[in-house]
Amino acid sequence: MRRSLMALSLLLAACAPQVTQAPEARPFLKSEAFYPMATGLEWVYVPEGEPLSSPPYRVRVEGPALYEGQEALRFRAYGRGEDRVYYRQVGAFGVRLLGFQDPSARVVFTPPLLEYPPEGLLAPGYRWGGRVEVKVELLSPSGREPLAQGRLDYSMEVLEEREVRLPAGSFRILRIRQVYQDQAGQTAYEVWFAPRVGEVRTREGRILVERNFQ
């Protein structure tokens, strides 16, 4: 299981300093949800410290889907050779991650990993977490091949609320510390979440430069 969960840790990698100039955003959709989830919403990111002209990463809500027999929403993340689909449930419980899939592998969390709590609880000082079973399968034209399975513990904490200025604009954000623990050890990341906007700094260390909604 060490191999598969370390692959997950690489997926959740972080980087450092920050871009300060903004391109012109061209919003054309509207979203009022605390956790934005409407089909067609899109976020554009670049890694911190890189010029805004760098090739971007994009995250797009592609719409309803089924994952392991459960209703979910497809969030596609792509750019620079990356192409991965995350399957999430968004509701009164917050945001749950069922798993993700790319062309070569499929990862399933049981129970789903709680990425965000109910919106009324997301405030400085709030903590949540849990333990999930992680199942990893290789994908091939002939079907799925089990690769590994194991446990992953996670804990989240809202550190503070503050204003930040990013290429996509100024936002009131919640700084969230994420800690993941598996047999290989512990890894920590930081996410900035802006209500009704989404993640303006991702766990991979990418910052928001544009979005297509108001």
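Below is a short write-up of the structure. Nothing here was measured: the structure is a model prediction, and the numbers come from that model. (Residues numbered from 1 in each chain as written. Predicted model: local features only at pLDDT ≥ 70, side-chain atom pairs only at ≥ 80, totals over all residues. Heavy atoms only, no water.)

1. A word on the environment of Gln89
In this fold, Gln89 is placed in strand 4 (residues 82-91). Expressed as a C-alpha distance, the spacing of Gln89 and Met37, which sit 52 residues apart in the sequence, is 9.4 Å. At a separation of 3.4 Å, a polar atom in the side chain of Gln89 contacts the side chain of Gln70. (Helix = DSSP H or I, 4+ residues; strand = E, 2+ residues; numbered from the N terminus. Polar contact = N/O pair within 3.5 Å; in protein donor to acceptor, adjacent residues only side chain to side chain.)

2. Side note on the side chain of Gln89
Judged by relative accessible area, which is 13%, Gln89 ranks as buried. In terms of polar contacts, Gln89 uses its side chain to reach the backbone carbonyl oxygen of Glu71, at 3.0 Å. Filtering out sequence-adjacent residues up to four positions away, Gln89 remains in contact with Gln70, Glu71, Ala72, Gly94, Val95, Arg96 and Leu98. (Buried < 20%, exposed > 50% of the residue type's maximum accessible area, 1.4 Å probe, protein only. Contact = heavy atoms within 4.5 Å.)

3. Let's talk about the packing of aromatic side chains
Summed over all chains, the structure comprises eleven aromatic pairs. Note on Tyr86 and Phe100: the rings are 5.6 Å apart at their centroids and 45 degrees apart in plane angle, and the pair reads as tilted. Placement of Tyr86 in strand 4 and of Phe100 in strand 5 (residues 94-101) is noted, with a sequence separation of 14 residues between them. Aromatic pair Tyr116 and Phe193: ring centres 4.9 Å apart, planes at 40 degrees, arrangement tilted. On the criterion of sequence distance, the pair formed by Tyr116 in strand 6 (residues 105-116) and Phe193 in strand 10 (residues 185-194) is long-range, its members being 77 residues apart. Phe193 carries the same exposure label as Tyr116, and that label is buried. Ring pairing ties together the aromatic residues Phe34, Tyr35, Tyr116 and Phe193, which thus form one cluster. The aromatic ring of Tyr78 is capped on one face by Arg76, whose charged end is 4.1 Å from the ring centroid. (Phe/Tyr/Trp six-rings, centres within 6.5 Å; stacked < 30°, edge-to-face > 60°. Lys NZ or Arg CZ within 6 Å of the ring centre and 35° of its normal.)

4. Some remarks on the pairing of strand 4
Taken across its ten residues, strand 4 has seven buried, putting it largely inside the fold. What sits between strand 3 (residues 70-79) and strand 4 in their antiparallel hairpin is a turn of two residues, with Arg80 showing a positive phi close to 55 degrees. Two strands pair when backbone bridges link them, and strand 4 and strand 5 are joined in this way by seven bridges, in the antiparallel orientation. Bridge assignment links Gly91 to a residue of strand 5, and that residue is Gly94. Hairpin geometry of strand 4 and strand 5 is characterised by an intervening segment of two residues between the two adjacent antiparallel strands. (Pairing = 2+ DSSP bridges.)

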